[in-house]
Amino acid sequence: MNNLKNIIEALLFTARSPLSAEMIQNIVMGQADTKEIKDAAGALAVEYESRNGAFRLHEVAGGWQIRTLPDHAAWIRRMLQPGAFRMSRAALETLAVVAYRQPVMRSEIEHVRGVDCGGVLRALLEKKLARILGRREIPGRPLIYGTTKKFLEVFGLNSLKDLPSPSEFREMAGETAENIDAPPAGTPRADAEDQPDGRTG
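Quantities reported herein were computed from a predicted structural model and do not represent experimental measurements.

Asks: Could you give an account of the pairing of strand β1 (residues 55-60), naming the residues involved and the relevant values?
Replies: Where β1 meets strand β2 (residues 63-68), six bridges bridge the pair, whose relative direction is antiparallel. Bridged to F55 within β2 is T68. The turn linking β1 back onto β2 is made up of two residues, and A61 within it adopts a positive phi angle of 50°.

Take a look at the structure:
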């Protein structure tokens, strides 16, 4: 397809969540294979980089997404207020335990944090940052929790392998006062009505 790069750009510009090569291939009805799509997306990423504009093409949650540079986060937050995505310290700490120890039980999270985490866990589930993975095969069969694709998207990660080290995560948490704005490293290009919970994970 001669205009594949432009088609991908149009799809990414209007998408509410990251698009994978397979998703794009389905949209173009097999007129391009995944290698051609990845090559075109790579060329688009280089083009954005060389233009040195306000946004870049990032690999996020197993796909691609157009994201603004962190330099412009303050202006974007000002535009999106009061709907900016905010997390409390308790939510961030709980989410960190889930991310690094998944699959993890609520009792294990509470053992690490030393406080009841029921309310915070429910909030993370509602925000689609955490999900129930199933039940542990022990007496009582307690629920086990893990993170979602939306978690990867919000924090600008392509996979769990890209998580910062625990010490880096603690340092990031230590820089917050009462709340943090997410994502810390780039904001997805999105319409205001898509924030904060318009994306699915």
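Asks: So what's going on with the sheet that holds strand β4 (residues 104-105)? Residues and values would help.
Replies: Spatial strand order, β4-β6-β5: three strands in an open sheet with antiparallel pairing. The sheet is open, and its two borders are formed by β4 and β5 (130-135), each paired with just one other strand. In this structure, β4 lies alongside strand β6 (residues 143-147), joined through two bridges in antiparallel fashion. Within β6, the position partnered with V104 by the bridge is Y145. This element, helix α7 (residues 118-126), spans β5 and β6 of the sheet and lies at about 105° to β5.

Asks: Let's hear about the nonpolar core: which residues, and what values?
Replies: Ranked by internal contacts, the top residues of the largest apolar core, which has 18 residues, are I8, L12, I24, I37, L57 and W64. Listing elements by their share of this core, those giving two or more residues are α1 (4-14), α2 (21-27), α3 (34-51) and β2. Among the elements that take part in this core, α3 stands out by supplying five residues, more than any other. Setting aside residues up to four positions removed in sequence, I37 forms contacts with L4, I8, A21, I24, Q25, A32 and W64. V60, V120, F151 and L157 belong to the second-largest nonpolar core, a separate cluster that totals 17 residues.

Asks: Outline unusual backbone geometry, supporting the account with residue identities and numerical values.
Replies: In this model, Q102 is joined to P103 through a cis peptide bond whose omega is -5°. By secondary structure assignment, the location of P103 is in the loop between α5 (89-101) and β4. Even without a glycine there, the phi angle at N52 is positive, about 55°. Mapped onto the secondary structure, N52 falls in the loop between α3 and β1. Given a relative accessible area of 57%, N52 falls into the exposed group. Phi at R141 is positive, roughly 40°, even though this residue is not glycine. Tracing the sequence through the fold places R141 in the loop between β5 and β6.

Asks: Go over the confidence of the model for the chain, please, and point to the residues and values.
Replies: Model confidence for the chain is summarised by a mean pLDDT of 81, while 81% of its residues fall at 70 or above. Here residues 175-201 is a poorly scored stretch, pLDDT under 50, and it has 68 contacts once near neighbours within four places are set aside; other chains count.

Asks: Could you give an account of α7, naming the residues involved and the relevant values?
Replies: In an α-helix there are 3.6 residues to a turn, and that puts residues three or four apart on one side. Those residues of α7 that fall on the buried side of the exposure criterion are G118, V120, L121 and L124. Along the axis of α7, the buried residues cluster in a sector spanning 165°; they form a single face. More than 90 degrees from the buried face of α7, the exposed residues found are R122 and E126. Of the surrounding secondary structure, the elements contacted by the buried residues of α7 are β3 (86-88), α5, α6 (106-113), β5 and β6.

Asks: Could you give an account of the packing of aromatic side chains, with specific residues and numbers?
Replies: In the structure shown here, the tally under the stated rule is two aromatic pairs. Plain terms: the ring middles of Y48 and F55 are 5.0 Å apart, the flat faces sit at 90° to each other, and that makes the pair edge-to-face. By relative accessible area, which is 3% here, Y48 ends up buried. Aromatic side chains F151 and F155 sit 5.3 Å apart centroid to centroid with 45° between the ring planes, which places their arrangement in the tilted category. An identical accessibility class is assigned to F151 and F155; each is buried.

So, how was this worked out
- Residues numbered from 1 in each chain as written.
- Predicted model: local features only at pLDDT ≥ 70, side-chain atom pairs only at ≥ 80, totals over all residues.
- Heavy atoms only, no water.
- Pairing = 2+ DSSP bridges.
- Helix = DSSP H or I, 4+ residues; strand = E, 2+ residues; numbered from the N terminus.
- Contact = heavy atoms within 4.5 Å.
- Axes fitted to C-alpha atoms, helices over the stretch in contact; angles between N-to-C directions.
- Core = buried A, V, L, I, M, F, W, Y, C linked by side-chain atoms within 4.5 Å.
- Buried < 20%, exposed > 50% of the residue type's maximum accessible area, 1.4 Å probe, protein only.
- pLDDT = per-residue confidence, 0-100.
- Arc of directions from axis to C-beta.
- Phe/Tyr/Trp six-rings, centres within 6.5 Å; stacked < 30°, edge-to-face > 60°.

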